[in-house]
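# Structure at a glance
Letter by letter, the chains look like this.
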Amino acid sequence: GESVGLHLPTLSVQEGDNSIINCAYSNSASDYFIWYKQESGKGPQFIIDIRSNMDKRQGQRVTVLLNKTVKHLSLQIAATQPGDSAVYFCAEGRGYSTLTFGKGTMLLVSP
Amino acid sequence: EPEVTQTPSHQVTQMGQEVILRCVPISNHLYFYWYRQILGQKVEFLVSFYNNEISEKSEIFDDQFSVERPDGSNFTLKIRSTKLEDSAMYFCASSADTGNQPQHFGDGTRLSIL
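This one's a predicted model, so the numbers in the text were calculated from it and none came from an experiment.

Reading the values: the criteria
Residues numbered from 1 in each chain as written. Chains lettered and ligands numbered in written order. Predicted model: local features only at pLDDT ≥ 70, side-chain atom pairs only at ≥ 80, totals over all residues. Heavy atoms only, no water. Contact = heavy atoms within 4.5 Å. Buried area = accessible area lost by both parts, 1.4 Å probe. Polar contact = N/O pair within 3.5 Å; in protein donor to acceptor, adjacent residues only side chain to side chain. Helix = DSSP H or I, 4+ residues; strand = E, 2+ residues; numbered from the N terminus. Nonpolar A, V, L, I, M, F, W, Y, C, P; charged D, E, K, R; others polar. Disulfide = S-S within 2.5 Å. Buried < 20%, exposed > 50% of the residue type's maximum accessible area, 1.4 Å probe, protein only. Phe/Tyr/Trp six-rings, centres within 6.5 Å; stacked < 30°, edge-to-face > 60°. Lys, Arg positive; Asp, Glu negative; His and termini not counted. Salt bridge = Lys/Arg side-chain N within 4 Å of Asp/Glu carboxyl O.

In this section: the interface of chain A and chain B. Facing the 20 residues of chain A at the interface are 17 residues of chain B. Regarding the contact of chain A and chain B, the summed buried area is about 1,500 Å², with carbon and sulfur atoms giving 54% of it. At the surface where chain A touches chain B, the tally comes to five residue pairs in polar contact (both at pLDDT 80 or more). Going through the elements one at a time, β4 (32-38), β5 (45-51) and β10 (99-101) of chain A are the ones with two or more residues in the side of chain A that touches chain B. When residues in the side of chain A that touches chain B are grouped by element, the largest group, four residues, is from β4 of chain A. Per-class residue counts for the side of chain A that touches chain B are 10 nonpolar, six polar and four charged.

Put into structure tokens, the structure is as follows:
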């Protein structure tokens, strides 16, 4: 079946480095993609989203890139900080209805 | 900043008992959702709710599950006869009506079935 998945289960970086978290999706009908951050004991926290008519969107220290040709989504975090340590989920949807989540990538930031 | 609040944070229930999980969505939001996350697994969609009715539901959301918006602020998930496999984190989410706003999640209720 179609699904959203992540390539790297754990990513370890040094404080100040730039981080890139990748996500592959397979549902070509998806037109909305979103990144969430989940800290231990908390719910998913919205980071940034992008619609399929865009290929890049920037937020504060974060950039999401969408490559529809290869069905790939990435989250770039600039100047990663220890507070960025968390599990990051990508999710896909159609319109703004049901979200299908990937398994998540653990980001570990060392001081 | 407005947030989705969920109660209780942890619910322990005997198998076969009914449980009600409560959520207060963000006040100006009109779309509501329940998701669950079994320990170590990904977040799974259960149900979406708009205009006092279910918009969409997954295969997980069987006859044992129901949702309700009993008043202008609460959104509840009821499991009629809990099973061991219902043990999970249950997340409530809400989004605004514009169609251009993402889903915002609460911190979840940890449901433990004994």
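Here we take up the state of the cysteines. In total, this model carries two disulfides over all chains according to the counting rule given. Disulfide pairing places Cys 23 of chain A opposite Cys 90 of chain A at an S-S distance of 1.9 Å. What sets the handedness of the Cys 23 of chain A and Cys 90 of chain A disulfide is the S-S torsion sign, and at about 55 degrees it is right-handed. With Cys 23 of chain A in strand β3 (residues 19-25) and Cys 90 of chain A in strand β9 (residues 86-93), the pair connects residues that are 67 residues apart, well separated along the chain. Cys 23 of chain A sits in the buried class, given a relative accessible area of 1%. Its relative accessible area of 0% is what places Cys 90 of chain A among the buried residues. Across the disulfide from Cys 23 of chain B sits Cys 92 of chain B; the S-S distance is 1.9 Å. On the sign convention where negative means left-handed, the S-S torsion of about -65 degrees between Cys 23 of chain B and Cys 92 of chain B marks this disulfide as left-handed. With Cys 23 of chain B in strand β3 (residues 19-24) and Cys 92 of chain B in strand β9 (residues 88-95), this residue pair connects regions lying 69 residues apart in the sequence. Under the relative-accessibility criterion, Cys 23 of chain B is labelled buried at 1%.

Scanning the entire structure with this criterion turns up 15 aromatic pairs over all chains. Between Tyr 35 of chain B and Phe 45 of chain B the ring centres are 5.6 Å apart and the planes differ by 70 degrees, which places this aromatic pair in the edge-to-face class. Note that Tyr 35 of chain B is positioned in strand β4 (residues 31-37) and Phe 45 of chain B in strand β5 (residues 44-50), a separation of 10 residues in sequence. In this structure an aromatic cluster arises from ring pairing among Tyr 36, Phe 89 and Phe 101 of chain A together with Tyr 33, Tyr 35, Phe 45, Phe 91 and Phe 105 of chain B.

Residues and elements named next belong to chain B. Along the chain, the position of His 29 falls in the loop between β3 and β4. Given the relative accessible area of 8%, His 29 is considered buried. A polar atom in the side chain of His 29 sits 3.4 Å from the backbone nitrogen of Ser 95.

All names here are of chain B. Here Asp 86 shows up in the loop between β8 (75-79) and β9. Within the buried set, Asp 86 has no salt-bridge partner at all; the shortest N-O distance to an opposite charge, 4.3 Å, is to Lys 83. Once you skip the residues sitting within four places of it in the chain, Asp 86 turns out to touch Arg 36, Phe 65, Ile 79, Ser 81, Leu 111 and Ile 113.

Function cannot be read off these values alone, since they describe shape.
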